[in-house]
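Observations on the model geometry
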Amino acid sequence: MTGRPVRADREPVTTNGTLALVNLSAQIDGMAAPVGRAASTAPLAVAQQAVLVDLLTLRGHLLGRVADYERAAQLSEHMVCCAPEDSAALLARARTRATLHRFAEAMADLDAAGRAGAEQPALEAERASILQAVGCHAEARALLRSAAPHQPDFTKLSALAVFQAERRETAEAEHLFDEARAAHRGVSPFPLAQLDFRRGVMWLREGDLPTARSSFDAARRRVPGYAPATGHLAEVDLLLGDPETAVARLCPLMETSDDPEYPAHLALALRAAGRHQEAWPWRDRAAERYEELVGRHPEAYADHAADFWLTVGGDVDRGLQLALQTLVMRQTSRSYALVRRAREASRGRAHDASGPRHPATSM
């Protein structure tokens, strides 16, 4: 099925995306110092820290900064250490653990937050997101429906759109994406940019490159510094045979992001453009960073690292090892597909190494 490009004349008016990113960083910096000085067990301090955790996580996503995710995780651990029975602290830690794909621990935090008095709809929405991530779609759907009456329309419709997109129910997802856009209230550009990004991911997965590009372009128009949208646009460029444009898109991310996915994609794009010598330093940078992150956060980065080693990294054995590690942690369809791909690459390499075989003599 072919999707529809996002129509600019239907897009709501929001704050300039570049200015919004500057304001986001200023808000983070402005909150960090007072939070650090406040008595960590005071209710106000816990509330402030929970907001700061969410802001760091948001910036980490928008700019591709793993350091922001790690800072948010450290802050949430400190919150729970100081206020172990505070539901806001437990919810904040659950979200940071889910961001780093520590799903079982995140679920345990949600259970504890429930015992500490957290509202059920909030818990259901968080649990649904985790269950969706691990492939438990029926359970996730039930929780999304249960939480929906208690959520703002945009939040509810966005969650349902992403759920349907993950299920590859593209017609229903398109309808929900449109409904969510119409329901948006407020001036922040970030929710709409994220909505367009998720729409683009859906169409990229379906192989509809023009519609995927349109959605990623819409996300970048909304927030020009949006790293994941830029990275996926470069991926589309490569798939359409335009590696030089992909290189031009990716180069600025080397200054703003610490996620190894982007230097890995840059190395791939440079190779596709025939610029092999320029590709090597970026390949090496990605390799070093992936190994570092797999050591610290295997649940979140083992699968990405496996993909890297199976492609531009050029180490099939390491890719297969990490694919199997991912499968141990999460038995999802994507994990199984990654293992199959790694095993096929391993068999292909073994076949190539054996050299040409002579056909048997006919009898």
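Right above here is the structure, for reference.
Residues numbered from 1 in each chain as written. Predicted model: local features only at pLDDT ≥ 70, side-chain atom pairs only at ≥ 80, totals over all residues. Heavy atoms only, no water.

1. A look at empty space enclosed by the protein
Going through the model one piece at a time under the given rule, you end up with two cavities of 30 Å³ or more. Secondary-structure elements contributing two or more residues to the lining of the second largest cavity are α8 (153-166) and α10 (190-205). The element best represented in the lining of the second largest cavity is α10, accounting for four residues. A per-class count over the lining of the second largest cavity returns four nonpolar, no polar and three charged. (1 Å grid on protein atoms, 1.4 Å probe; cavity = no way out; pocket = protein on both sides within 12 Å on 5 of 7 lines; lining within 4 Å. Points joined across faces, edges and corners; volume = space filled by probe spheres on them. Helix = DSSP H or I, 4+ residues; strand = E, 2+ residues; numbered from the N terminus. Nonpolar A, V, L, I, M, F, W, Y, C, P; charged D, E, K, R; others polar.)

2. Considerations on the packing of helix α17 (residues 298-310) against helix α18 (residues 316-329)
Running from N to C, α17 and α18 cross one another at 150°; their axes reach a closest spacing of 8 Å. Here α17 lies roughly antiparallel to α18, going by the angle between them. For the pair α17 and α18, the crossing hand works out as left-handed. Contact residues: α17 offers P298, E299, A302, D303, A305, A306, W309 and L310, while α18 offers V316, R318, G319, L320, L322, A323, Q325, T326 and M329. (Axes fitted to C-alpha atoms, helices over the stretch in contact; angles between N-to-C directions. Parallel < 35°, antiparallel > 145°, perpendicular 65-115°, else oblique. Left-handed = near helix turned anticlockwise from the far one by under 90°. Contact = heavy atoms within 4.5 Å.)

3. Observations regarding α18
Look at α18: 20 Å from first C-alpha to last across 14 residues, which is about the 20 Å you get at 1.5 Å a residue. Burial in α18 covers these residues: V316, R318, G319, L320, L322, A323, T326 and L327. (Expected span 1.5 Å × (residues − 1). Buried < 20%, exposed > 50% of the residue type's maximum accessible area, 1.4 Å probe, protein only.)

4. Thoughts on the packing of aromatic side chains
Aromatic ring pairs are defined here through the distance separating the ring centres and the angle between the ring planes. Per the counting criterion, the structure on display carries four aromatic pairs. When the ring of F197 is compared with that of F216, the centres are 5.9 Å apart and the planes differ by 45°; the resulting orientation is tilted. A residue pair is termed long-range when its members are at least 10 positions apart, and F197 in helix α10 and F216 in helix α11 (residues 209-222) qualify at 19 residues. Across the pair, exposure class does not vary: F197 and F216 are buried alike. Arranged with centres 5.5 Å apart and planes meeting at 50°, the rings of F197 and Y226 form a pair that is tilted. Of this pair, F197 sits in helix α10 while Y226 sits in the loop between α11 and α12 (227-239), and the two are 29 residues apart along the sequence. (Phe/Tyr/Trp six-rings, centres within 6.5 Å; stacked < 30°, edge-to-face > 60°.)

5. Here's the deal with the side chain of H297
Structurally, the position occupied by H297 is in the loop between α16 (276-296) and α17. For H297, a relative accessible area of 12% corresponds to the buried category. With residues up to four places along the chain from it excluded, the contact list for H297 reads E70 and L100.

6. Description of the nonpolar core
In terms of nonpolar packing, the biggest core is built from 66 residues, with M79, F216 and Y226 touching the most fellow members. Of all the elements, α10 adds the most residues to this core, at nine residues. When near neighbours in sequence (up to four residues on either side) are disregarded, F216 contacts F197, G200, V201, L204, A229, H232, L233 and V236. In terms of nonpolar packing, the next biggest core, distinct from the first, is built from 40 residues, Y262, A264, L270 and A302 among them. (Core = buried A, V, L, I, M, F, W, Y, C linked by side-chain atoms within 4.5 Å.)

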